[in-house]
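The primary structure of each chain is shown beneath.
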Amino acid sequence: MTAKPGAAKGGIATVKYDEVEVGQEIPAVDYPVRRVNLVMYAGASGDFNPIHWNERHAKAVGLPDVIAHGMYTMAQGGRFITDWAGDPGAVVDYGVRFSSMVVVPDDDEGATVSISGRIEEKLDGNRVIVVLTAKSGDSRVLSKARAIVQLA
Amino acid sequence: MALNREFVGRAYEASAPYEVSRVKIAEFATAIGDQNPIYHREDAAVAAGHPDVVAPPTFPIVFSMSAAGEAFGDPDLGLDFAMVVHAEQRFEYERPIYAGDRLHCTTTITEIRSVGRNEFLTLRSDVSTGEGELVCRAYNTIVERGGAA
């Protein structure tokens, strides 16, 4: 298969450019966030800020409880977009603003981040802009969350 | 304390290239709960058209901030790291990052601005191969709460 002009090198999305329309919704997926996920993310990312694992410290600096790493939430948005596109190499641009905290209580449920998407714009070179909505409870935890995805 | 605007434009180079390994990609993917085989198995990645396992889109956060640590720790900048929160993050890819890449990272302070009582500092990290091929750029904005008060 020959890559189209502007195609990301390596990896081809399974979603076809000609089959998506502006305004098309990508159904929401719920991602659980428990304390153990934050501990694992701290280790894998190297971000050991205690507000992400130590309740005593989080409360001492004025937070309601332990909060998720913003980058953990952003990574869930990355999962959402790469699972939709079908190939992680199809994501050529991905940016977010962290608009509110994901508070993660120390219980069996933890928190949930619910992510959905919408095709915002079709670009040249078989690329699309996907805008993500990420909510935890009633709060929007990401704003200006968008990805440019190289489709087939 | 207001941040020192003289730091805008300063660039910091990581002391050594970052070697991307299959093990680290798999660890990072597991930590974000992503079992996509393209992150975990070379054969799955190759079958999908990649030369090796691919790093998830947010993976560069693992290494792209290390050079900036030098700036953040410089007392002349005036940053109180205890008050820092992540405000914005963006990754712009020329190509995916693969296991086996040796990546050089240079981080530049591109902007410092006040919004209300807060100080915003933006960094751009240019990630390239030893041959000078640009692989990705990471843009990171942090906010120091109360810094401009």
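Residues numbered from 1 in each chain as written. Chains lettered and ligands numbered in written order. Predicted model: local features only at pLDDT ≥ 70, side-chain atom pairs only at ≥ 80, totals over all residues. Heavy atoms only, no water.

- Chain B carries the name UPF0336 protein Mth01_12460 in an unreviewed UniProt entry, which gives Sphaerimonospora thailandensis as its organism.
- Annotation of chain B in UniProt includes, under Sequence similarities (unreviewed entry), the sentence "Belongs to the UPF0336 family." (UniProt positions renumbered as here; feature names shortened; annotations may be inferred.)

### Points about the UniProt feature "domain: FAS1-like dehydratase" (unreviewed entry) in chain B
- UniProt's entry tags residues 7-136 of chain B with the feature "domain: FAS1-like dehydratase" (unreviewed entry), counted in the numbering of this structure.
- Counted over residues 7-136 of chain B, helix gives 22% and strand 34%. Its end C-alpha atoms are 23 Å apart. (Helix = DSSP H or I, 4+ residues; strand = E, 2+ residues; numbered from the N terminus.)

### Here we look at the confidence of the model for chain B
- With 99% of its residues at a pLDDT of 70 or more, chain B has an overall mean of 94.
- Across the predicted assembly, pTM comes out at 0.94 and ipTM at 0.95. (pLDDT = per-residue confidence, 0-100.)

### Overview of the side chain of His-50 of chain B
All names here are of chain B.
- Looking at the element boundaries, His-50 is found in the loop between α3 (42-47) and α4 (61-64).
- With relative accessibility at 3%, the residue His-50 sits in the buried group.
- Of note is the side chain of His-50, whose polar atom sits 3.1 Å from the side chain of Tyr-98. (Buried < 20%, exposed > 50% of the residue type's maximum accessible area, 1.4 Å probe, protein only. Polar contact = N/O pair within 3.5 Å; in protein donor to acceptor, adjacent residues only side chain to side chain.)

### Some thoughts on the packing of aromatic side chains
- Under the defined criterion, the tally for this structure stands at seven aromatic pairs over all chains.
- Pairing Phe-59 of chain B with Phe-63 of chain B gives two aromatic rings, centres 6.3 Å apart and planes at 55 degrees, and the pair type is tilted. We note that Phe-59 of chain B, like Phe-63 of chain B, is buried.
- An aromatic cluster of three or more residues is present, and its members are Tyr-41 and Tyr-72 of chain A together with Tyr-18, Phe-28, Phe-59 and Phe-63 of chain B.
- Note that Arg-113 of chain B overlies the ring of Phe-120 of chain B, its terminal NZ or CZ placed 4.9 Å from the centroid. (Phe/Tyr/Trp six-rings, centres within 6.5 Å; stacked < 30°, edge-to-face > 60°. Lys NZ or Arg CZ within 6 Å of the ring centre and 35° of its normal.)

### Here's the deal with unusual backbone geometry
Residue and element names in this part refer to chain A.
- One non-glycine residue, Asn-126, lies in the positive phi region at around 65 degrees.
- For Asn-126, the location among the structural elements is in the loop between β3 (111-122) and β4 (127-136).
- Taking the relative accessible area as the measure of exposure, Asn-126 reaches 13% and is therefore buried.

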